[in-house]
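# Observations on the three-dimensional arrangement
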Amino acid sequence: MEISNDFYNKSIWEMCEDDKVDSAIAVVSEIEALGSRPSAKSYHYIIACLAKMGRTLEADMFLQEMFMAGCKPTIRLFNALLTSCLKKSLLEFSDKLLKAMDDMGLERDRKTFRILINYYAGAGRLTDTWRVIGEMKKKGFQPDSYVYSRVVEVYRNNGMWKKAMEAIRKVRESRSLMDGKMFESIIDTFGKYGELKDALAMLDKMLQYGIKPGIKTWNSLIHWHCKYGDVDGALNVFLRMLEGGTYPDPNTFVTMIHRIGDEGQWSILRKIFEHLKCQGLEKSCAIYAVLVDIYGQYGRFKTPTDCITALKSEGVPLSQNLFCVLANAYARQGLCVETVKTLQLMEMEGMEPNLIMLNVLINSFATAGHYEEAVSVYNHMKENDICPDLVTYTTLMKAFIWAKKYDQVPIVYKAMEASGCSPDRKARQMLESATEYLQRRYQANSRWR
């Protein structure tokens, strides 16, 4: 009995909904072997699923096939691809997508602008952020709370405390703009500048408005309390998070384990594990145990492969974020081999390394004093059209400073400015330190002549 195209297409949709994209691609091969093509809807499902999984190149291949089949992609599909590209900082590819949208007469919607603003703000590109906001207004889209929250973050990350606070003041005067994203941005801004009481007061106000804090808000509060040495405050926030029904993610654990472990308070870490166990959070316990083992270097999980195997055995779903957290844990210990191995395991699971993972890799080499390897990762990014962001440049500057290659710091700083990234306070301080050292060395050499 001959199977109909409808059956094949419905199978593709169901497989993509279950994230079984490789099985869906196999079905496409079957359809093509019969001399037919998938439907436009099937192409949409496969491309969107590949984009979500970070498999950008394959998504682009199916997009080209879709064009050849005479199918027209929707704005929703372009937005999914754009999100995937910008997560990997593929700016040239993103520009091609935007041009293709314009050529097809597809108008950018609010989500398109939000995706672009999210990337430029996160990458520290202040000028580009304001440019996109201007384009957004011309198209008739007034900036919403999400856009304002990103503006606050750009000011904050560039050390513009007064401008950030002025933006917050304006937003607070208009209660219509105070949603979860805006509260999250304000709390993070207070935390970054050590205003922990104000950050907690804003959390209380958020709850008064009936808005439930998300994991990013809780992680931000925990991070800044740990950053400023208030471990007890971080633990209190952690317990409030659990009581509120929000469960920790790997990023929560990394922050707490790193800080508490540095202080040698392993008994507190054991108490946290027991608390998670009592809550019945088996998967969280598995992740927590692996990370504590990495930081404590107990040797229970001798390799990244052992860690991944242990997590799989507990039914923990693997994701790019989880791999990034594991790589970051190894990187903070200066364990370069293990960091690279984690990246390789991620690729073996069918996930392409994103910008965050590559930045983690640069940081790992920087921490271990291997600046040449850090530079090789940076060159790999440029060769593969992955656009470095603010974190990339500042981490590379740190690598050169630690390796006492001070003459390279101004070169990286200029490359950062040329790329459109606005240097933050940390970058400016590193440039100042490197410049002062070079001047002293020049003066010392002049005296010996």
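Look up: the structure comes first, before these words.
Structural notes, computed from the coordinates. Each chain has its residues counted from 1, running along the sequence as written. The predicted origin of the model limits local features to residues at a pLDDT of at least 70 and limits the giving and counting of side-chain atom pairs to 80 or more, whereas totals for whole chains, interfaces and linings rest on all residues. With hydrogens and water set aside, each side-chain value is computed from the structure's full complement of heavy atoms.

### Observations regarding the overall build of the protein chain
Put simply, the rule is: Numbering goes from the N terminus for both helices and strands, where a helix is a DSSP run of H or I of at least four residues and a strand is a run of E of at least two. Radius of gyration: C-alpha atoms only; globule rule: 2.2 Å multiplied by the number of residues to the exponent 0.38. Throughout, exposure labels follow a simple rule: accessible area from a 1.4 Å probe, protein chains only, divided by the maximum for the residue type, with under 20% read as buried, over 50% as exposed, and the rest as partly exposed. Contacts were defined at the residue level, with two residues in contact if any of their heavy atoms lie within 4.5 Å. Positive charges come from Lys and Arg alone, negative charges from Asp and Glu alone, with His and the N- and C-terminal ends not counted. Every charge is mapped onto a representative atom, which is NZ of Lys, CZ of Arg, CG of Asp or CD of Glu.
A tally of regular secondary structure across the protein chain gives 25 helices and zero strands. The C-alpha atoms of the protein chain give a radius of gyration of 24 Å, which matches the 22 Å a tight globule of 449 residues would have. Expressed along its principal axes, the backbone C-alpha trace of the protein chain runs to roughly 85 × 55 × 55 Å. Sorting the 449 residues of the protein chain into buried and exposed places 50% on the buried side. Contacts spanning at least 24 positions in sequence make up 62% of the contacts within the protein chain whose residues lie at least 6 apart. Each charge class in the protein chain can be summarised by its mean position, and for the 59 positive and 55 negative side chains these summaries are 6 Å apart.

### Re the pattern of salt bridges
As a reminder, the rule being used: Any carboxyl oxygen of Asp or Glu within 4 Å of a side-chain nitrogen of Lys or Arg constitutes a salt bridge here.
With the rule as written, the count across this model stands at 15 salt bridges. Lys99 serves as the salt-bridge partner of Asp103, at 3.1 Å between the closest nitrogen and oxygen. Here Asp103 pairs with Lys99, and both are found in helix 6 (residues 91-103), just four residues apart, close to one helical turn. Glu135 is the salt-bridge partner of Arg108, the closest N and O atoms lying 3.8 Å from each other. Of the two residues, Arg108 sits in the loop between helix 6 and helix 7 (110-122) while Glu135 sits in helix 8 (residues 126-138), which places them 27 residues apart along the sequence.

### Regarding unusual backbone geometry
Unlike most non-glycine residues, Asp19 shows phi in positive territory, near 65°. When you line up the elements, Asp19 lands in the loop between helix 1 (5-17) and helix 2 (21-33). One non-glycine residue, Lys404, lies in the positive phi region at around 60°. With respect to the helices, strands and loops of the structure, Lys404 is situated in the loop between helix 23 (390-402) and helix 24 (409-419).

### Remarks on helix 16 (residues 266-278)
For the record, the criterion: Given the number of residues in a helix, its expected span is that number minus one, multiplied by 1.5 Å. In this context, the arc is that of the directions from the helix axis out to the C-beta atoms.
Taking 1.5 Å of rise per residue, 13 residues should cover 18 Å, and helix 16 covers 19 Å from first to last C-alpha, within 8% of that figure. Of all the positions in helix 16, only Ile268, Leu269, Ile272 and Leu276 are classed as buried. Taken end-on, helix 16 shows its buried residues confined to a sector of 100°, consistent with a single buried face. In helix 16, the exposed residues that point more than 90 degrees away from the buried face are Arg270, Lys271, Lys277 and Cys278. A positive phi of about 75° marks Gly280, the residue just after helix 16.

### Focus: the nonpolar core
Condition: We call a set of buried Ala, Val, Leu, Ile, Met, Phe, Trp, Tyr and Cys residues a nonpolar core when their side-chain atoms join them within 4.5 Å.
Counting 146 residues, the largest nonpolar core has Ile46, Phe238, Ile272, Leu291 and Met397 as its most contacted members. With sequence-adjacent residues up to four places away left out, Met397 is seen in contact with Val409, Val412, Tyr413, Met416, Ala427, Met430 and Leu431.

### As for the packing of aromatic side chains
Threshold: Pairing of aromatic rings covers Phe, Tyr and the six-membered ring of Trp, with a centre-to-centre limit of 6.5 Å; geometry is then stacked below 30 degrees between planes, edge-to-face above 60, and tilted otherwise. In this scheme, the term charge over a ring applies when either NZ of a lysine or CZ of an arginine sits within 6 Å of the ring centre and within 35 degrees of the ring normal.
Tallied over the full model, the rule gives eight aromatic pairs. Residue placement shows Lys41 over the ring face of Trp13; its charged tip is 4.0 Å from the ring centre. Residue placement shows Arg114 over the ring face of Tyr146; its charged tip is 4.3 Å from the ring centre.

### Brief notes about helix 19 (residues 320-332)
Which entries qualify depends on this criterion: What qualifies as a polar contact is a pair of N or O atoms within 3.5 Å, subject to a donor-acceptor requirement within protein and to the restriction that residues adjacent in sequence count only when both atoms come from side chains.
In this model helix 19 runs 18 Å from its N-terminal to its C-terminal C-alpha over 13 residues, within 8% of the 18 Å that 1.5 Å per residue would give. Among the 13 residues in helix 19, 11 count as buried, and that is most of the element. In this structure Ser319 caps helix 19, since a side-chain oxygen of it lies 3.2 Å from the backbone nitrogen of Leu322. Phi turns positive one or two residues past the end of helix 19, at Gly334, with a value near 75°.

### Remarks on the state of the cysteines
Joining two cysteines, a disulfide is a covalent bond between their sulfur atoms. Put simply, the test is: Only a pair of cysteine sulfur atoms within 2.5 Å counts as a disulfide in this structure description.
Inspection of the entire model under this criterion finds zero disulfides. Left without a disulfide partner, Cys85 is nearest to the cysteine sulfur of Cys387, which lies 13 Å away.

### Comments concerning the packing of helix 15 (residues 250-262) against helix 19
Basically, it comes down to this: Axis definition: a line fitted to C-alpha atoms, limited for helices to the stretch in contact. Angles are taken between N-to-C directions and run from 0 to 180 degrees. Here roughly perpendicular refers to angles of 65 to 115 degrees, roughly parallel to angles under 35, roughly antiparallel to angles over 145, and oblique to all remaining angles. Handedness of a crossing is defined here by the sense of rotation of the near helix relative to the far one, left-handed for an anticlockwise turn of less than a right angle and right-handed for a clockwise turn.
Look at helix 15 against helix 19: their axes get within 9 Å of each other, and the N-to-C directions meet at 15°. With respect to helix 19, the element helix 15 is oriented roughly parallel. Helix 15 and helix 19 meet at a crossing whose hand is right-handed. Counted together, Pro250, Asn251, Val254 and His258 of helix 15 and Asn321, Leu322, Val325, Asn328 and Arg332 of helix 19 form the full contact between these two elements.

### Some points on the environment of Gly54
By secondary structure assignment, the location of Gly54 is in the loop between helix 3 (40-52) and helix 4 (56-68). C-alpha of Gly54 to C-alpha of Lys88: the two residues are 34 residues apart in sequence and 7.9 Å apart in space. The contact partners of Gly54, leaving out residues within four places of it in the chain, are Ser84, Lys88, Gln320 and Glu352.

Coordinates in, geometry out; function isn't part of it.
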